[in-house]
Amino acid sequence: MFDNIKLEKGLYNLAGKNFIDALEEIDPSENYVGTPIEKLDAFERQLKRFDIRVNGAHCDKVEKFFTTTETAVLFPEYMKRCIVQGIEDSNIGDIVAVKTIVNATVYKGLSITDTSSYTSTISAGSLLPDSTITESSTTYDIKKFARLINCPYEVIRQQNLDVFGLQLRVIGRKIGFAIYSKALSAITDNASSIDISGSELAYSDLINLFGEFTNYDITTVIASPAICAKILQLDEIADHCCCNNTNGIILPFGARLVKSTMVDDTKILAIDKDFAIEYVTTSDLYMETDKIINRQLESVSVSIPCLFRALVTDAMKVLNLS
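A short tour of the structure in this document, coming up. (Residues numbered from 1 in each chain as written. Predicted model: local features only at pLDDT ≥ 70, side-chain atom pairs only at ≥ 80, totals over all residues. Heavy atoms only, no water.)

**So, unusual backbone geometry**
- In this structure, asparagine 91 is a non-glycine residue whose phi angle is positive, near 60°.
- Phi is positive for arginine 295, close to 65°, though the residue is something other than glycine.
- On the secondary structure map, arginine 295 appears in the loop between helix H9 (289–293) and strand E15 (300–310).
- Here arginine 295 falls in the partly exposed class, since its relative accessible area comes to 41%. (Helix = DSSP H or I, 4+ residues; strand = E, 2+ residues; numbered from the N terminus. Buried < 20%, exposed > 50% of the residue type's maximum accessible area, 1.4 Å probe, protein only.)

**Digging into helix H1 (residues 19–26)**
- Every buried residue belonging to H1 is among Phe19, Ile20, Ala22 and Leu23, and all of these are buried. Along the long axis of H1, the arc covered by the buried residues comes to 160°, so they all point the same way.
- Those residues of H1 that are buried are in contact with helix H2 (42–49) and helix H3 (69–88).
- Backbone nitrogen of isoleucine 20 and a side-chain oxygen of the N-cap are separated by 3.3 Å at the start of H1; the cap is asparagine 18. (Arc of directions from axis to C-beta. Contact = heavy atoms within 4.5 Å. Polar contact = N/O pair within 3.5 Å; in protein donor to acceptor, adjacent residues only side chain to side chain.)

**Remarks on the nonpolar core**
- If you look at the biggest cluster of nonpolar residues, it comprises 65 residues, and the most contacted ones within it are Phe75 and Phe308.
- It is helix H5 (residues 161–190) that contributes the most residues to this core, ten residues altogether.
- Sequence-distant contacts of phenylalanine 75, that is, excluding residues within four places in its chain, are made with Val62, Phe65, Phe66, Leu161, Phe164, Ile292 and Leu297. (Core = buried A, V, L, I, M, F, W, Y, C linked by side-chain atoms within 4.5 Å.)

**So, the packing of H1 against H2**
- Where H1 meets H2, the axes come as close as 8 Å, and the angle between the chain directions of the two elements is 75°. Here H1 lies roughly perpendicular to H2, going by the angle between them. Facing Phe19, Ile20, Leu23 and Glu24 of H1, the residues of H2 in contact are Ala42, Phe43, Arg45 and Gln46. (Axes fitted to C-alpha atoms, helices over the stretch in contact; angles between N-to-C directions. Parallel < 35°, antiparallel > 145°, perpendicular 65-115°, else oblique.)

**Overview of a nonpolar patch on the surface**
- Nonpolar side chains collect at one region of the surface, where Leu110, Ile112, Tyr118 and Ile133 lie side by side and expose about 510 Å² of accessible area between them.
- Topologically, tyrosine 118 is positioned in the loop between strand E3 (110–114) and strand E4 (131–135).
- Since its relative accessible area comes to 65%, tyrosine 118 is described here as exposed. (Patch = residues over 30% accessible without salt bridge, like charges linked within 9 Å, V, L, I, M, F, W, Y side chains within 5 Å. Areas by Shrake-Rupley, 256 points an atom, 1.4 Å probe, with all protein chains shown as cover. Salt bridge = Lys/Arg side-chain N within 4 Å of Asp/Glu carboxyl O.)

**A word on the state of the cysteines**
- Taken as a whole, this structure holds zero disulfides when the rule is applied.
- Looking at cysteine 59, it has no disulfide partner, and the nearest cysteine sulfur is the one in cysteine 82, 10 Å off. (Disulfide = S-S within 2.5 Å.)

**Brief notes about the packing of aromatic side chains**
- Taken as a whole and judged by the stated rule, the model has eleven aromatic pairs.
- With a centroid separation of 5.5 Å and an interplanar angle of 40°, the aromatic rings of phenylalanine 210 and phenylalanine 253 are classed as tilted. Pair noted here: phenylalanine 210 is in helix H6 (residues 203–211) and phenylalanine 253 is in the loop between strand E10 (248–250) and strand E11 (256–259), with a separation of 43 residues, a long-range link.
- Ring-pair connections join several aromatic residues into one group, and the members of that group are Phe65, Phe66, Phe75, Tyr78, Tyr153 and Phe164.
- In this structure, arginine 295 is placed above the aromatic ring of tyrosine 153, and the distance from its NZ or CZ to the ring centre is 5.1 Å. (Phe/Tyr/Trp six-rings, centres within 6.5 Å; stacked < 30°, edge-to-face > 60°. Lys NZ or Arg CZ within 6 Å of the ring centre and 35° of its normal.)

**Some thoughts on the environment of aspartate 205**
- Relative to the helices and strands, aspartate 205 resides in helix H6.
- On the basis of relative accessible area, aspartate 205 is assigned to the buried category, the value being 2%.
- For the pair formed by aspartate 205 and asparagine 320, sequence separation is 115 residues and the distance between their alpha carbons is 9.9 Å.
- Setting aside residues up to four positions removed in sequence, aspartate 205 forms contacts with Ile196, Ser197, Glu200 and Leu319.
- Of the polar contacts made by the side chain of aspartate 205, one reaches the backbone nitrogen of alanine 202; its length is 2.9 Å.

**What to know about the environment of threonine 100**
- Within the secondary structure, threonine 100 sits in strand E1 (residues 98–101).
- Once the C-alpha coordinates of threonine 100 and isoleucine 271 are considered, the two residues, 171 residues apart in sequence, prove to be 19 Å apart.
- Discounting chain neighbours no more than four positions away, the residues touching threonine 100 are Tyr107, Glu278, Tyr279, Val280 and Thr281.
- Side chain to side chain, threonine 100 and glutamate 278 meet in a polar contact 2.6 Å long.

Shown next, in the form of structure tokens:
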């Protein structure tokens, strides 16, 4: 049971596993189906075990994690979850077709080479046209987004965990939006572009953009807040767009409208999110866990390696507004 597990910092250093993977292997969540705590994962069960409350009216102080050597082992995972939550606030998953985890600092990926058009027909007995999937000829370096977090233990020990966690989430959001910006660059650097027909954006320009997607569909339209406002002010959009809690604003042709400050006011990006870009990373988030467990919080490095690669250029377009 979860209350008999020996927590050691070595759980962070197992090959091919992160802390939560190791903890779930020792204490599988499937063992708690049908119990009052079935919705908790292995980490959350440890918080319950040691009565560590990370939010709410009776939220604990940071120092609660350092009551024992075992509870201290939980603190890096708590910090990681707060930062990851902030990264996920960027909604990077909404514009990524696939996420690839690799154990390297470079990446090639795959590409398709066709010998002829798919519309070509053949006569009986003729050779079939080839479609070859090969390793890409281009090698990409996987760079890191990194931050050195300075939070001396004596400064944070009496802070509520929800307040400290929120600060970590803010850091995570800033990292997340930087990653999101890199993803958008992969789109703008590889997509073909069209221009608006007049001096101002019109609904017909959006329809022309829609028409550029011949073999793919527009699932997502990304624009700056100012341009999103202009789109929503168009009569044809105002009368026929819809809004729901799951997907946000849906344009008349079915695409989701996403506002982003990482797109300037001179362009609109459009993608088929199921085919446009690949997100490559070596790990979700790296932290100096030993320093955190030992309360050496004056300079804790946090990093996330990432690379964005265009998969299908026909699944992404740019509409130039000027």
